[in-house]
Amino acid sequence: MEVVQPKDLQQDFGLARRRHAELCRQKRVFDARNRIIGGDAEAWDLQVHDQKIKEATEKAKHETFAAEMRRNDKIACLLEDRQRRDRKNLCKAINDFQQSFQTPETRREFDLSDPRALRKDLPARQSDSDLQNTISGMQRFLGEDLNFRERRRFQQEQNREWALQQRRERAEARAGQQCAEDLYRQTRLQWDETAKHMQDLGTATRRAVCVAVKEFNKNQATESAERKILEKSQEHEDNLAEISNLLHGDLLSENPQQAASSFGAHRVVPDRWKGMSREQLGQIRLTQKQQVQEKLRLQEEEFQRDRGWDRQRVQNARTALLLERQQRRQQRDLRRALDRSNLSLAEEQLSQKKYMKEVYTNQPTEDYFTQFSTGSR
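Here the structure is a predicted model, which is why all the values come from computation and not from measurement.

**Student:** Account for the packing of aromatic side chains, naming residues and giving values.
**Tutor:** Under the defined criterion, the tally for this structure stands at one aromatic pair. Here Phe-97 and Phe-101 contribute two aromatic rings whose centre-to-centre distance is 4.9 Å and whose plane-to-plane angle is 40°, an arrangement assigned as tilted. Linking Phe-97 with Phe-101, this pair stays in helix H3 (residues 41–101), spanning four residues, or about one helical turn.

This is the structure we're talking about:
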């Protein structure tokens, strides 16, 4: 089984990168149109011109919409002002009517809530013609009214004056209302005429814009047709020139001298190179064979080196196993010697305990302690 080395991976990566670069170079070289002609500046200028025309058209459209919006805003402001004035006039007319015809003094129950009633109050009776003498006051009885005819005549005159005053006030109110209606009608007609005039101006503006746009589109269509004719003729001439260049050029003639570089004989121009010669191919194959043999030799050396490392690893494992067995035997011997020593110490301690017990049972306590101390000394 072969082992992949980092050097092999680097070589494969380098070959893949050179192969990708060669494919990209072929795409650039064999695309003769882009290589010879290059960018189309006229097409770019045409696109810029079309973009400017489109922007001008959008600008004119936005200006038309803005004029329409301004006209609508002005009409809305006029209508709002007219509504505000109508509301103000109505409120003013209501206030004037209330101040003129609905004063507190004209109410029937005003005498009940008059704040100056006490100041206006009169004595119980001043004369026979006193109007404050009511029936409940018992100040004047039937047959005691001496000024009946003058009072009746005065009341009739007063009623007639009141009727004439009400008639005049109604006539004045009707005339004021008619004047307000005439003024409102004239103002509304004037606003309608202004709105109609503005609408006519907007229609004329839109018509003019449509005519201008139509003329502009017509000119653009004419220019586009002429431009297409010129582009078609130019493209035909470019195709003929391209065919002539390809037929008489070095690309199809397979001239090997065109790949010679000015930096040296061992270098070539990549976009003109036509391939290697047989001598170069033979040299490359010979180099490849040498590389294959060198690689086989390196693999064999690495295999021998791995086998040596394996033998050394097995020998080390065997040595470690022998050392471990020897250590186990030594530990076993040490444990046996320790067990024998412990057994002898236990027997000696047991015999000493028996001796001490016999001495303690046969002698008094003081002799025992004396002997024990002497013996310990």
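After presenting the structure, the write-up continues.
**Student:** Please give an account of a positive patch on the surface that cites residues and values.
**Tutor:** A cluster of like positive charges, contributed by Arg-325, Arg-329, Arg-332, Arg-335, Arg-336 and Arg-340, occupies part of the molecular surface. When you line up the elements, Arg-336 lands in helix H7 (residues 278–362).

**Student:** Could you give an account of the pattern of salt bridges, naming the residues involved and the relevant values?
**Tutor:** Counted according to the given criterion, the structure contains 11 salt bridges. With a closest N to O distance of 2.3 Å, Asp-310 and Arg-313 form a salt bridge. Of the two residues, Asp-310 and Arg-313 are both situated in helix H7; the distance of three residues between them amounts to about one turn of the helix. Judged by relative accessible area, which is 34%, Asp-310 ranks as partly exposed. One continuous salt-bridge network, built from bridges that share partners, spans Glu-68, Arg-71 and Arg-206.

**Student:** Account for the environment of Arg-151, with residues named and values stated.
**Tutor:** Here Arg-151 shows up in helix H5 (residues 148–248). Look at Arg-151 and you get partly exposed, because its relative accessible area is 27%. In the structure, Arg-151 is positioned 20 residues away from Leu-131 in sequence and 9.9 Å away in space, judged by C-alpha atoms.

Analysis parameters
- Residues numbered from 1 in each chain as written.
- Predicted model: local features only at pLDDT ≥ 70, side-chain atom pairs only at ≥ 80, totals over all residues.
- Heavy atoms only, no water.
- Phe/Tyr/Trp six-rings, centres within 6.5 Å; stacked < 30°, edge-to-face > 60°.
- Helix = DSSP H or I, 4+ residues; strand = E, 2+ residues; numbered from the N terminus.
- Patch = residues over 30% accessible without salt bridge, like charges linked within 9 Å, V, L, I, M, F, W, Y side chains within 5 Å.
- Areas by Shrake-Rupley, 256 points an atom, 1.4 Å probe, with all protein chains shown as cover.
- Salt bridge = Lys/Arg side-chain N within 4 Å of Asp/Glu carboxyl O.
- Lys, Arg positive; Asp, Glu negative; His and termini not counted.
- Charge placed at Lys NZ, Arg CZ, Asp CG, Glu CD.
- Buried < 20%, exposed > 50% of the residue type's maximum accessible area, 1.4 Å probe, protein only.

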